[in-house]
Amino acid sequence: GQPPAGSRSGQISGLVLPSQFAADFWAQHKQIDQNINLFVINPGIETSSSTSDVFEIQVSSEIKIGWVGRLAPQKSPGLFIRAAAALHAMYKEHSSTLPPQFVVIGDGPLRQASEQLAIDLGLRLNHDIHFIGWLPPETVRSAIRNLTHVVVHTNILEETFCMCNLEALAEGRPVISFGVGGVSEYLNSGDDHGIIVDTPSVPALVAALIPLIDNATKLSAMRTAAKRRVLRDSDFSFDRMATQYANMYTELVCVHKNSPKLVVLNDAFVVACQGIDDWRDPGLLLERGELWQGSCAMATHLKATDYVSVAGLHAIGLALAVASGAFFDCITPPRGTRAHRALALAIEIAQLALQFDADEERATGLHRLAAVARATLGYEPNIAADDYFFVAAARRSSGQDEENLNAWLDTYAENLDAPQSHGISIGINDGGTRSIELSISGSSAGRQPPFYTSAHKLRHDARQLEYLVSIGTKLKLAGRHILERAMHFVGLSQHDDDATLLKRVASAFFNAADAVESSVGSDPASMTSLRALSNEYPSSLELKLALIAHGRFIHVNLPHAVVQPLASGWNEDQVAAAFYSNETPGVAVIDNALSPECLALLRDQMLESTIYFDVKRGHLGAYLEDGLASGLLLQTADAFQKRLADRIIGDMRLVQAWAYKYLYNGTMGIRPHADEGAITVNCWLTPDSENLDPDSGGLRIYLREAPSNISFAAANQDFRSVMAAIGDDAPFIDIPHRGNRCLVFRSRLTHLTQTLHFKAGYKSSRINLTLMFGSTSWK
């Protein structure tokens, strides 16, 4: 068999095997992730004897020898039939004892061949040998009790356990077996309740059965021993099995306090309780904003309990992260400080909790905690990107097993429309009297209601899929599954190659764009619900296909970190000098800012990834927590933060990142606005060869900050209000577009996108990548 889905990639926490043999086999031969816990839980049976006596066959023999199982090659039923024929001939010709009768309980692909083999060997069907056929599981034990005195098990290959043998023993039927695999859980050589045949052959099987046929006393003793072995000497009950499963779930979601894995809790206690005397009542302390004291109280409580749940780990990880101040103050704590250690511990705790948690909602929260904490400290950018993408994929999931299209779309809409804090939160309850909400907040990303789109968004998506085909993209499993599900719902072939599927969906997007334009017009800001449009024209497969594939991670290219993300040719002191100059206060320009490798990889990411879900007027947006985060992007942000730390960025952490792709020429891009961070690094990724006007296509930055008496909403979204606030006389600087040019400026400086004149074609669109650090009073 094949390993269960997810057992090689860490997506599952535990694997249940019915025998130690099965556990050893899978661990050694099936390449299961070494972090997965293997649990051996023998199947349970009803320990009271079955009361249903519904099976009876008319036989003249005193001995009935049975075989129970699926008539399939791996079960070797032919060995039993050949042994039956040999015994029948022996007792018919050379013994005064009546020949035994033989009973086969079960069905399968070898049923017809087995019956024919019996006939060819001289056994009369329904007289010498009886093929009972398939029986409902609840009646198998009754059949074993009424139709057999002995049960033969002829597997010669691996056997994980064999429930039929256990049921036979429970009914007082000795088992004759070759003893392979999991049979050793209940039968071994020398036992008095069955016989292990050392050689898997017909003569050896016949030799083992003859003493039981000839000696009624021996058979009776073995029958008594068989029932005693299962019902008294060992516990194969349902109650035992249920207890083992309960213990397994406890181990998966809780960790014993003596577990070596929980050494991290001791570290949490040391960090949280440093210099703290009053640590009682964590709820009250947290409610008062005494975060270190509340974290200390929680750590103390967790240390005192026998088992620590995943929820408990999540809570202390969150408490430490919030207490560090990194998120509220939007900073990266200096190395060696208590706050830095607390944040590092939050990552360790989240990582530990994820080993035991199978609940998607909890896992999403833990991945979000780990992602933000890793990005803040600049730790393991590739792993942080995986954490971010887990959160994004969970948000855009849609009940993949749902067979009803409307239910499938409803699930997607509910997940997508759920409130997003762009952080995580958890209720902490102490004594059932107070619930405290801990959260890690971040900057919000623009988004539309589910299924809302525009014609220019759909045409962009169609051209993007065509581009993926042109470069020979091979879809990952998740992206392929999305398209296969879409084809399934519209009744088209799911088995075409990747290129054919991408072309089919691209065509649907083009047609849907025309339908949207006919419905609401061609203005780039005009949007409508694709679902409503599809419902209006239910016979349109194109609209339905576009609806299902819209807003999905069809293909995501997330490049890993590189050796050197930033070019070495620019000088940070010169950047700082320009930033603090009288000519351009708060603004600096870095040309050839990214290394060639980083620039090429980031541009490929922005061109290939189907992550542009935010529909703007004339451009599309992708955001850090919704598919944009890659190991390379996070590494690049960390590199800017460190290289400009001394004079400009300081200890401010990355709070948001976005990529904007502009779709129209001859128009101004984003109107005047200010952003909510402290420092913005804005990089242009499109080559100069695609820009038809080298004097434009960049930014105009007004050298006057939006005043503190204007709201962030007005400063960011109402260009008239922000321009009125800074005044008509505000000086400005025009910085034209250049490929691989990065601007560093104060986020509160009002700025706008200059008029665009780029070549036509998918690869020619102006793309900017923006990294925002720190916060202002708008946080």
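Residues numbered from 1 in each chain as written. Predicted model: local features only at pLDDT ≥ 70, side-chain atom pairs only at ≥ 80, totals over all residues. Heavy atoms only, no water.

**Student:** I'm lost on the overall build of the protein in this one. Help?
**Tutor:** Counting its secondary structure elements, the protein contains 27 helices and 24 strands. In the protein, which comprises 779 residues, the proportion classed as buried is 55%. Taking as baseline every contact in the protein between residues at least 6 positions apart, the subset at least 24 positions apart corresponds to 77%. (Helix = DSSP H or I, 4+ residues; strand = E, 2+ residues; numbered from the N terminus. Buried < 20%, exposed > 50% of the residue type's maximum accessible area, 1.4 Å probe, protein only. Contact = heavy atoms within 4.5 Å.)

**Student:** What am I meant to see in the sheet that holds strand S4 (residues 101–105) here?
**Tutor:** What links the strands of a sheet is backbone hydrogen bonding, and the strands pair in either a parallel or an antiparallel sense. Pairing is parallel across the open sheet formed by 6 strands, whose spatial order is S5-S4-S3-S6-S7-S8. Single-partner strands in this sheet number two, and they are strand S5 (129–133) and strand S8 (194–196). Put simply, the sheet's adjacent strands are angled 20° from each other on average, direction ignored. Pairing between strand S7 (residues 175–177) and S8: 3 bridges, direction parallel. Paired with valine 175 across the two strands is glycine 194, which belongs to S8. Packed on one face of the sheet, helix H2 (residues 77–94) meets strand S3 (64–68), S4, S5 and strand S6 (150–153) and runs near 165° to S4. (Pairing = 2+ DSSP bridges. Axes fitted to C-alpha atoms, helices over the stretch in contact; angles between N-to-C directions.)

**Student:** How should the sheet that holds strand S17 (residues 619–623) be read in this particular structure?
**Tutor:** Reading across from one edge, S15-S22-S19-S24-S18-S17-S16 is the order of the 7 strands in this open sheet, with antiparallel pairing throughout. Across the chains shown, the open sheet's two edge strands, defined by having one partner strand only, are strand S15 (587–591) and strand S16 (614–615). The sheet contact formed by S15 and strand S22 (residues 741–746) spans 5 bridges and is antiparallel. Note on S22: the bridge partner recorded for valine 589 is leucine 743. Helix H23 (residues 596–608) contacts strand S18 (654–662) and strand S24 (767–773) of the sheet and is inclined by roughly 110° relative to S24.

**Student:** In this structure, what is going on with the pattern of salt bridges? I would like to understand it.
**Tutor:** Should the charged atoms of two oppositely charged side chains come close, the side chains can pair. Counted by the stated rule, this structure contains 27 salt bridges. In this structure, the salt-bridge partner of glutamate 115 is arginine 111, at a minimum N-O distance of 2.8 Å. Remark: arginine 111 and glutamate 115 occur in helix H3 (residues 111–120); sequence separation between them is 4 residues, near one turn of the helix. Judged by relative accessible area, which is 21%, arginine 111 ranks as partly exposed. For arginine 700, the salt bridge goes to aspartate 734, with nearest N and O atoms at 2.7 Å. Of this pair, arginine 700 sits in strand S20 (residues 699–705) while aspartate 734 sits in strand S21 (residues 732–735); the two residues are 34 residues apart in sequence, bridging distant segments of the chain. On the basis of relative accessible area, aspartate 734 is assigned to the partly exposed category, the value being 36%. In this structure, a network of salt bridges that share partners links the residues Asp107, Arg111 and Glu115. (Salt bridge = Lys/Arg side-chain N within 4 Å of Asp/Glu carboxyl O.)

**Student:** What should I look at first to understand the packing of aromatic side chains in this one?
**Tutor:** Geometrically, a pair of aromatic rings is defined through the distance of the ring centres and the angle of the planes. Evaluation of the coordinates by the stated rule reveals 13 aromatic pairs. Taking the centre distance of 6.1 Å and the plane angle of 80° together, the rings of phenylalanine 80 and phenylalanine 102 count as edge-to-face. With phenylalanine 80 in helix H2 and phenylalanine 102 in strand S4, this residue pair connects regions lying 22 residues apart in the sequence. The exposure class assigned to phenylalanine 102 is buried, which follows from its relative accessible area of 1%. Against the face of tryptophan 292 rests arginine 338, its NZ or CZ located 3.9 Å from the ring centre. Seen from the ring of tryptophan 570, arginine 643 lies directly overhead, with NZ or CZ sitting 3.8 Å from the centre. (Phe/Tyr/Trp six-rings, centres within 6.5 Å; stacked < 30°, edge-to-face > 60°. Lys NZ or Arg CZ within 6 Å of the ring centre and 35° of its normal.)

**Student:** Just checking my understanding: could you explain the nonpolar core for this structure?
**Tutor:** Core analysis: the largest hydrophobic core is formed by 102 residues, its most contacted members being Met606, Leu633, Phe640, Leu771 and Phe773. The leading source of residues in this core is helix H13 (residues 338–354), at 10 residues. Those residues in contact with methionine 606, other than ones at most four positions away along the chain, are Gln464, Tyr612, Leu628, Leu633, Ala659, Lys661, Leu685, Tyr762, Ile767 and Leu769. (Core = buried A, V, L, I, M, F, W, Y, C linked by side-chain atoms within 4.5 Å.)

**Student:** What exactly am I supposed to notice about the side chain of histidine 88 here?
**Tutor:** Considering the arrangement of structural elements, one finds histidine 88 in helix H2. In this structure histidine 88 comes out as buried when scored by relative accessible area, which is 8%. Once you skip the residues sitting within four places of it in the chain, histidine 88 turns out to touch Pro99, Phe102, Leu123 and Asp128.

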